[in-house]
Amino acid sequence: MAALPEAFDANAVEPSQPREILPAGTYVAQIIESDVQPAKSGNGMVLSLTFEVLDGPHANRKLWSNLNILHSNTTAQEIAQRDFSAICHAVGQMHVTDTEALHFKPLALKVEVELKGTKGSNGYEAKSDRNVVKGYTPAGHAPAAPAPRAAPPAVQRTAPPVQQ
């Protein structure tokens, strides 16, 4: 049991709504938080990034990405360093000593949906449906939505010649 510092009136606060995963697609976002910590496995260092979607119907939604920037598995480290390089290029910061230099700069995120029960790129089975960031590009270079297909040209019909 835990005593609250003051009484809480749930009638005075709008209840939160369950959040659905974002549809796969490209979202303009910004990094709002970052942290470097030892990997849970003890095999390296993980850069944890929190992104916030900037516009559209999913504005203010959060996405997360963890990069094994230092790791005993050289393949895992190489993948993470390539992703980190893509982020740096996307926000125009080529020499970074503090991840705060990446904060609040728009970039485009390619987001996919990983379904419960499928093995992710990390080799672990997803315990629930979730979003996974699969790419980082400059915000101005985000792929545009597909253009609507033009209607086929109208077929011109000519009236048959009049016989006299």
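What you see is a predicted model; the values in this text were computed from it and never measured.

Peer 1: Is there a simple way to think about the confidence of the model for the protein chain in this case?
Peer 2: Caution applies to low-pLDDT regions: their predicted coordinates should not be interpreted in detail. The predicted model of the protein chain averages 86 in pLDDT, with 84% of residues at 70 or higher. Confidence over residues 144–158 falls short of pLDDT 50; this stretch has zero contacts with residues more than four positions distant or in other chains.

Peer 1: Can you walk me through a nonpolar patch on the surface in this structure?
Peer 2: A grouping of Leu4, Phe8 and Val13 is seen on the molecular surface, where their side chains present a nonpolar patch of about 330 Å² in accessible area. Of note, valine 13 is situated in the segment before β1 (25–38).

Peer 1: Help me understand the pairing of β1 in this model?
Peer 2: On a regular strand, each side chain points to the face opposite its neighbour's, so the side chains alternate between the two faces of the sheet. Across five bridges, β1 lies against strand β4 (residues 107–114) in antiparallel orientation. Residue pairing in the sheet places alanine 29 in a bridge with leucine 107 of β4. For β1 and strand β2 (residues 44–53), the ladder comprises nine bridges, and the chain directions are antiparallel. Along β2, the bridge assignment pairs glutamate 33 with threonine 50. Between β1 and β2, which pair antiparallel in sequence order, lie five residues; one of them, glycine 42, sits at a positive phi of approximately 80°.

Peer 1: Explanation requested: helix α1 (residues 74–91) in the structure shown.
Peer 2: Residues lying three or four places apart along an α-helix face the same way, a consequence of the helix completing one turn every 3.6 residues. Taking 1.5 Å of rise per residue, 18 residues should cover 26 Å, and α1 covers 26 Å from first to last C-alpha, within 8% of that figure. Buried within α1 we find Ala80, Phe84, Ile87, Cys88, Ala90 and Val91. Projected down its long axis, α1 carries its buried residues within an arc of 160°, all on one side. Opposite the buried face of α1, at more than 90 degrees from it, the exposed residues are Thr74, Arg82 and His89. Where α1 is buried, its residues contact β1, β2, β3 (62–71), β4 and β5 (130–138). Looking at where α1 begins, the residue whose side-chain oxygen comes 2.9 Å from the main-chain nitrogen of threonine 75 is asparagine 73. Immediately beyond the C-terminal end of α1, within one or two residues, lies glycine 92, with a positive phi of roughly 75°.

Reading the values: rules and limits
Residues numbered from 1 in each chain as written. Predicted model: local features only at pLDDT ≥ 70, side-chain atom pairs only at ≥ 80, totals over all residues. Heavy atoms only, no water. pLDDT = per-residue confidence, 0-100. Contact = heavy atoms within 4.5 Å. Patch = residues over 30% accessible without salt bridge, like charges linked within 9 Å, V, L, I, M, F, W, Y side chains within 5 Å. Areas by Shrake-Rupley, 256 points an atom, 1.4 Å probe, with all protein chains shown as cover. Salt bridge = Lys/Arg side-chain N within 4 Å of Asp/Glu carboxyl O. Helix = DSSP H or I, 4+ residues; strand = E, 2+ residues; numbered from the N terminus. Pairing = 2+ DSSP bridges. Expected span 1.5 Å × (residues − 1). Buried < 20%, exposed > 50% of the residue type's maximum accessible area, 1.4 Å probe, protein only. Arc of directions from axis to C-beta. Polar contact = N/O pair within 3.5 Å; in protein donor to acceptor, adjacent residues only side chain to side chain.

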